[in-house]
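Read off the chains here:
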Amino acid sequence: MGQSHPPFAFVAAAPVEAAQITDVAAPFCAVIGAGPAGLFAAEALARAGARVVIYEHKPSPARKFLMAGRGGLNITHSENLERFIARYGAAARHIGPLVRAFPPQALRDFCAELGEATFVGSSGRVFPASFKASPLLRAWLTRLAGLGVAVATRHAFLGFAGEGRLRLKGPDGAEFTRPADAVVLALGGASWPRLGSEGGWTELMRRSGVAVTPLAAANSGALVDWSPIFRGDFEGQPLKTVLLRHGDAVARGDVVVTRTGLEGGPVYALSSRLREAATQDGETTLFLDLRPDTSLACLTRKLSRRPAKQSHATFLRRAGFSRAEIGLLREAQPDGLPRDAEALAALIKNAPVKVTGVAGLERAISTAGGVAFDEVDGDLMVTKMPGVFVAGEMLDFDAPTGGYLLQAAFATGLAAGRGAARYLGLLRDEAQAGLSPSHLPKSRAPEASNKYSV
């Protein structure tokens, strides 16, 4: 092996010089976590010439990635790049340079290289032609194996043993240490913990003096204390093409009534705001416009034609409102719906729903919080832990649904892999900064002798 690094002793270490690297003595990099960020970092490192092993504590890699593909894998989004970056809110200034370095079109090219053409849906979201994650993952793992990357499943990461050594637990339950010249941590957040991302790394990082913003559910359902009658009658029913409003933020689309509240893309888009407001005040109000394409004046005129003796339910059904929509209006105004057409139209356009919080991490699509960006440099190396890089949901950003989370996972994975390769002296200029052969004209894949025995 080349020069040994002491990255986990938290002292500065000189990078390996390129002249020291040979096929036999190429530096070894461990990637912890086999989600998209970890796999992407591993490929960048392998193409730069490092020996790479990915350690994954589950029996198979990328379980959450596969789960995301069950309903149609939304890989990224096609909107204007600056608008795309703005979706990351407060973290945009940190995520922006990474996404610009690997933008949505580059991710689409990557998918195409793996045999998965992509297309832009009517909403601007980008999907693989198969709509699935599994074909993409199979092709990707095959390519990684061809590059000499090993994936060691059922290996739990326990922390650092000092002097550049990892603490790991193998499939047999035995603990052991493994030296590494650099490490990329891609352990995910804490959403859907049964799929592998449990968030246990937060305490490890804090013990090392690294600031970590507490993890919280993001892109999760809104919790609503429905009445028993409404819950029993309308659980699982959709509310089609509604507009949700919370403060100055709006989101539009279809939502579904659940036993505990509301789910759906528009709810997820506002969930971070709902979470913060409900945490601060105990509850918050979400307003639903059930007819966003009809003006208040036009709706008032339509409702003013109501026959004098006709019931609310009959009249609204004949006016095109579903049973679930009528039930929601009654839930929003339990003392009775107004007979005045203008007041009823105002309620339809602005139905209040009391939200007590958002669904927990076990059901959230993603996680907010993580390692503060002030703790990492431009290569995503933890400044207090030289040689240790972080990627994916471990970083403190909150991405909405629509392909933004996966785009950030790929972009930060590439940045961390590239950063680790640069730290090891394997990359010298920006011409080597990409991932695929077309992006890395000066890179080389490791020879078979570079495979690391796990």
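In this text the structure is predicted, and so the values were computed from the model without any measurement. (Residues numbered from 1 in each chain as written. Predicted model: local features only at pLDDT ≥ 70, side-chain atom pairs only at ≥ 80, totals over all residues. Heavy atoms only, no water.)

1. A word on the overall build of the protein chain
- The number of helices and strands found in the protein chain is 14 helices and 20 strands.
- Here the protein chain, with 454 residues, has 56% of them falling under the buried criterion.
- Taken as a whole, the protein chain presents about 18700 Å² of accessible surface, with 52% of it coming from carbon and sulfur. (Helix = DSSP H or I, 4+ residues; strand = E, 2+ residues; numbered from the N terminus. Buried < 20%, exposed > 50% of the residue type's maximum accessible area, 1.4 Å probe, protein only. Areas by Shrake-Rupley, 256 points an atom, 1.4 Å probe, with all protein chains shown as cover.)

2. Quick notes on the packing of helix α1 (residues 36–48) against helix α14 (residues 404–423)
- Viewed as axis vectors pointing N to C, α1 and α14 meet at an angle of 35°, and their least axial separation amounts to 7 Å. For the pair α1 and α14, the sense of crossing is right-handed. Taken together, the residues of α14 that come into contact with α1 (itself represented by P36, A37, F40, A41, A44, L45 and A48) are L406, A409, F410, G413, L414, G417, R418, A420 and A421.
- Looking at the contact of α1 with α14 residue by residue, the class counts come to 13 nonpolar, two polar and one charged. (Axes fitted to C-alpha atoms, helices over the stretch in contact; angles between N-to-C directions. Left-handed = near helix turned anticlockwise from the far one by under 90°. Contact = heavy atoms within 4.5 Å. Nonpolar A, V, L, I, M, F, W, Y, C, P; charged D, E, K, R; others polar.)

3. Focus on the confidence of the model for the protein chain
- Averaged over the protein chain, the pLDDT score is 86; the fraction of residues at 70 or greater is 87%.
- Model confidence for the protein chain, summarised as mean pLDDT per element, is weakest for helix α2 (residues 63–68) at 83 and strongest for strand β16 (residues 284–289) at 98.
- A low-confidence stretch, residues 1–23 (pLDDT under 50), is modelled with 68 contacts involving residues beyond four sequence positions or located in other chains.
- Across residues 431–454, where pLDDT falls below 50, the model places 63 contacts with residues more than four positions away in sequence or in other chains. (pLDDT = per-residue confidence, 0-100.)

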